[in-house]
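Okay, here's what each chain looks like letter by letter:
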Amino acid sequence: MTKFSGLLLLGCSALALAGCGADDIASPGAGSVVVNNDNTSTTPTPTPTSSLVEAADSCPSFNATGGLTDDGTIEDASGNSWRVCTLPSLVDASSVLSSVSGVIYRLNGRVDVGCDGGPTAPTSASPYATSTSACTAAGTTSLSADTNVTLTIDPGVVIYGENTSDPAWLAVNRGNKIMADGTASRPIVFTSRQNVIGTATDASQGQWGGVVLLGRGVTTDCSSTAGTSPCQRETEGAATPARFGGSDNTDSSGSMSYVQIRYSGYALSADAELQSLTAGAIGTGTNLEYIQSVNSSDDGAEFFGGAVNLKHYIAVNADDDSLDTDTGVQGNYQYLLLLQRASDGDAFFEIDSNGNETSTPRQKSNYANFTAIQSGSNPQNSDAANILVRGNSDVNFINGVIYTPNNECIRVNGSGTTPATFNAYSVVMTCGDTGPFLGTGTYTASDAEAMFTAGSNNNSAFTSTLASTFVNGSNESGVTAYANITSISSYFDAVSYIGAVNGSSDTWYQGWTCDNATADFGSDSACTALPNT
């Protein structure tokens, strides 16, 4: 089986040729008998069945105006080929990207799911002038109701972004949804063209934009162009409006689970890049779990405002922060693997509200059962430590393992009268350089240390015994987990261990992920290849 064979989801073997359709690949000589001139009977040598992917004859149906564009075929160096089916710039009707053998989907520039419906759902009595450029270009300007478009993506689908005249990214606008739910054996993969043709490497990044969810939750740090009642913001760096914010922290942008987002983070403008996953003011109605970010040129994921619940998140090789939370977000995050390249990347967590310490709501984020690894020294770390807590934020760290033996662990920064705070419960740290703690602004290193030691069962001079990079060893397993975790958030599971992975029998990260040089998840697919499931 080649590394690409997993895309033959509808393929047939040579032993079941009777069930093969027109697009299946069969071996014409399999099972034949060769008779020699001397009439001696010999055992036939079957011709091997090809396992190469063969491009489908056409693109499947798609409800949005214009449907999918057939852009020919794409091939990798091994001879696998796919029919390229390009999404329209505007998905204006609920549509499905089906899992079809020999079909791959393409984002050519920005693709909008529905039209932005504003901070509250528009009505005929209170219409909303949408700012989504693809909608206005299509003649839709005033909305009297949400466009209410849902983009459904089937398990096993691969979508790649290709930057042509515009950077490729997917924007799920307010009042619309994405339903991208893969399975443990058939994840959904968002990636780059380079990954498809086989030229992406472990060092590749920033090859397309990423996935952006835009909701109606509460945010701070309003953008003047988007108005301030309620507070709204623009997606960082977007050339045309991509707005988020409102007053509903229960809003739903849909669901994403068992999803990989690879080689993303394209710079939309100077110092403004998309992440693998960017979430602007999404609400608790949005389901997020089992998401892997691979080689983002910015953050693995960034959450601006809203209310977020997320479980089973993996960030590998983020060039900036593994997980960034901003502008008043109310967040609960459990089972986190934050794995940085040695001597590269920035912080595991960057937690702030842009220093606007009087804005409300204050950010309140809870991070539970996390394992964060940075094995090398990191002089490029602009946050000056592997965790930065600053601005208008209050944070709880619970059941955590931090391994960064050549860097400072936690920096707290404040500049106003209501600066950031944090609490720690059953958190162990292996730190280096000048020590575990830093304080800047109105804080000192002693202030940061005092916050850490005021919690319960913490250790800032821990001897790590992590196995297989991120799996709890004997010392981690010997730490008592925080017993009252559900009192911090009812969203959290009450567990009896610290860290993200409770020993060798805990394998929640396997099967739906891809492997690279930084972390081997025991999956069957390298991140430089397409899935083989």
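Because the structure is predicted, anything quoted here is derived from the model rather than measured.

### Quick word on the overall build of the chain
Move 1: Within the chain one finds five helices and 32 strands.
Move 2: In the chain, buried positions account for 56% of the 533 residues.
Move 3: In the chain, the share of contacts with a sequence separation of at least 24, taken over all contacts with a separation of at least 6, comes to 72%.
Move 4: Accessible surface, the chain: about 18,900 Å² in total, of which carbon and sulfur atoms supply 47%.

### Considering the packing of aromatic side chains
Aromatic ring pairs are described here by two measures, namely the spacing of the ring centres and the angle between the planes.
Move 1: One pass over the full model with this rule turns up 19 aromatic pairs.
Move 2: Plain terms: the ring middles of Phe470 and Tyr509 are 5.0 Å apart, the flat faces sit at 85° to each other, and that makes the pair edge-to-face. Remark: Tyr509 occurs in the segment after helix 5 (485–488) and Phe470 occurs in the loop between helix 3 (445–454) and helix 4 (474–477); sequence separation between them is 39 residues. You'll find Phe470 and Tyr509 in the same group, each marked buried.

### Here's the deal with the state of the cysteines
Move 1: Taken as a whole and assessed by the stated rule, the structure comprises five disulfides.
Move 2: Bridging Cys59 to Cys85, the disulfide has an S-S length of 2.2 Å. Taking the torsion about the S-S bond as the criterion, the Cys59 to Cys85 disulfide, at about -105°, is left-handed. Here the residue Cys59 occupies a position in the segment before strand 1 (69–75), and Cys85 occupies one in strand 2 (residues 81–86), the gap between them amounting to 26 residues.
Move 3: Classification of Cys85 by relative accessible area gives buried; the value is 0%.
Move 4: Disulfide partner of Cys409: Cys431, at an S-S distance of 1.9 Å. Measuring the twist about the S-S bond at about -105°, one finds the Cys409-Cys431 disulfide to be left-handed.

### Observations concerning unusual backbone geometry
Move 1: Residue Pro361 is bonded to the preceding Thr360 through a cis peptide linkage, with omega at 5°.
Move 2: Residue position: Pro361 is located in the loop between strand 26 (349–351) and strand 27 (363–373).
Move 3: The phi torsion at Ala281 lies on the positive side, around 55°, for a residue other than glycine.
Move 4: On the secondary structure map, Ala281 appears in the loop between strand 20 (277–280) and strand 21 (287–294).
Move 5: We classify Ala281 as buried; its relative accessible area is 0%.
Move 6: The backbone of Asn399 shows a phi angle near 55°, a positive value even though the residue is not glycine.
Move 7: You can see Asn399 is positioned in strand 29 (residues 393–404).

### Concerning the nonpolar core
Move 1: With 73 residues, the main nonpolar core has Ile153, Phe190, Met256, Phe303, Phe349, Tyr367 and Phe397 as its most contacted residues.
Move 2: If one sorts the elements of this core by residue count, strand 31 (residues 421–431) sits on top with five residues.
Move 3: Look past the residues within four positions of Phe397 in its chain and what remains in contact with it is Phe349, Ile351, Tyr367, Phe370, Ile387, Val389, Phe422, Asn423, Ala424, Tyr425 and Val427.
Move 4: Grouped together as the second largest cluster of nonpolar side chains are 26 residues, Ile373, Phe462, Ala519 and Phe521 included.

### Describing the sheet that holds strand 6 (residues 110–113)
Move 1: Taken in spatial order, the eleven strands line up as 3-6-11-14-20-22-24-26-28-30-32 in an open sheet, and their pairing is parallel. Pairing within the sheet leaves two strands with one partner each, and these edge strands are strand 3 (90–91) and strand 32 (437–441).
Move 2: In the sheet, strand 28 (residues 387–389) pairs with strand 30 (residues 410–414) via three bridges, with the strands oriented parallel. Across the sheet, Ile387 pairs through a bridge with Ile410, a residue of strand 30.
Move 3: Lying on the sheet, helix 3 is in contact with strand 30 and strand 32; it crosses strand 32 at an angle near 125°.

### Focus: the environment of His312
Move 1: Following the sequence through the fold, His312 ends up in strand 23 (residues 307–316).
Move 2: Given the relative accessible area of 10%, His312 is considered buried.
Move 3: Each C-alpha atom of the pair His312 and Leu337 lies 7.9 Å from the other, and the pair is 25 residues apart in sequence.
Move 4: Once residues within four sequence positions are removed from consideration, His312 is found in contact with Glu289, Tyr290, Ile291, Gln334, Tyr335, Trp508 and Trp512.

### Some remarks on the pairing of strand 24 (residues 323–326)
Move 1: Here strand 24 shows a buried face lined by Leu323 and Thr325 and a second buried face lined by Asp324 and Asp326.
Move 2: Here strand 22 (residues 301–304) pairs with strand 24 via four bridges, running parallel. Counted as the bridge partner of Phe303 is Thr325 from strand 24.
Move 3: Sheet topology places strand 24 next to strand 26; three bridges connect them, and they run parallel. Across the sheet, residue Asp324 finds its bridge partner in strand 26, namely Glu350.

### Structural notes on the confidence of the model for the chain
Residues shown with low pLDDT carry predicted positions that ought not to be read at fine detail.
Move 1: Here the chain shows a mean pLDDT of 88. Residues at 70 or above account for 88%.
Move 2: When mean pLDDT is compared element by element in the chain, strand 12 (residues 177–181) scores highest at 99, while strand 18 (residues 267–269) scores lowest at 70.
Move 3: Counting interchain partners and residues more than four positions distant, the pLDDT-below-50 stretch residues 1–49 has 72 contacts.

### Some words on the pattern of salt bridges
Move 1: Under the defined criterion, the tally for this structure stands at 13 salt bridges.
Move 2: Ionic pairing is found between Glu162 and Arg193, a salt bridge with its closest N-O pair at 3.5 Å. Taken as a pair, Glu162 in strand 10 (residues 158–162) and Arg193 in helix 2 (residues 193–197) lie far apart in primary sequence, 31 residues in all.
Move 3: Residue Asp352 pairs with Arg390 through a salt bridge whose shortest N-O separation is 2.7 Å. Residue Asp352 is found in the loop between strand 26 and strand 27, and its partner Arg390 is found in the loop between strand 28 and strand 29; the two are separated by 38 residues along the sequence.
Move 4: Judged by relative accessible area, Asp352 falls into the buried class, the value being 0%.
Move 5: Judged by relative accessible area, which is 26%, Arg390 ranks as partly exposed.
Move 6: The network of salt bridges with common partners includes Asp71, Arg106, Glu162 and Arg193.

Thresholds, definitions, all that
- Residues numbered from 1 in each chain as written.
- Predicted model: local features only at pLDDT ≥ 70, side-chain atom pairs only at ≥ 80, totals over all residues.
- Heavy atoms only, no water.
- Helix = DSSP H or I, 4+ residues; strand = E, 2+ residues; numbered from the N terminus.
- Buried < 20%, exposed > 50% of the residue type's maximum accessible area, 1.4 Å probe, protein only.
- Contact = heavy atoms within 4.5 Å.
- Areas by Shrake-Rupley, 256 points an atom, 1.4 Å probe, with all protein chains shown as cover.
- Phe/Tyr/Trp six-rings, centres within 6.5 Å; stacked < 30°, edge-to-face > 60°.
- Disulfide = S-S within 2.5 Å.
- Core = buried A, V, L, I, M, F, W, Y, C linked by side-chain atoms within 4.5 Å.
- Pairing = 2+ DSSP bridges.
- Axes fitted to C-alpha atoms, helices over the stretch in contact; angles between N-to-C directions.
- pLDDT = per-residue confidence, 0-100.
- Salt bridge = Lys/Arg side-chain N within 4 Å of Asp/Glu carboxyl O.

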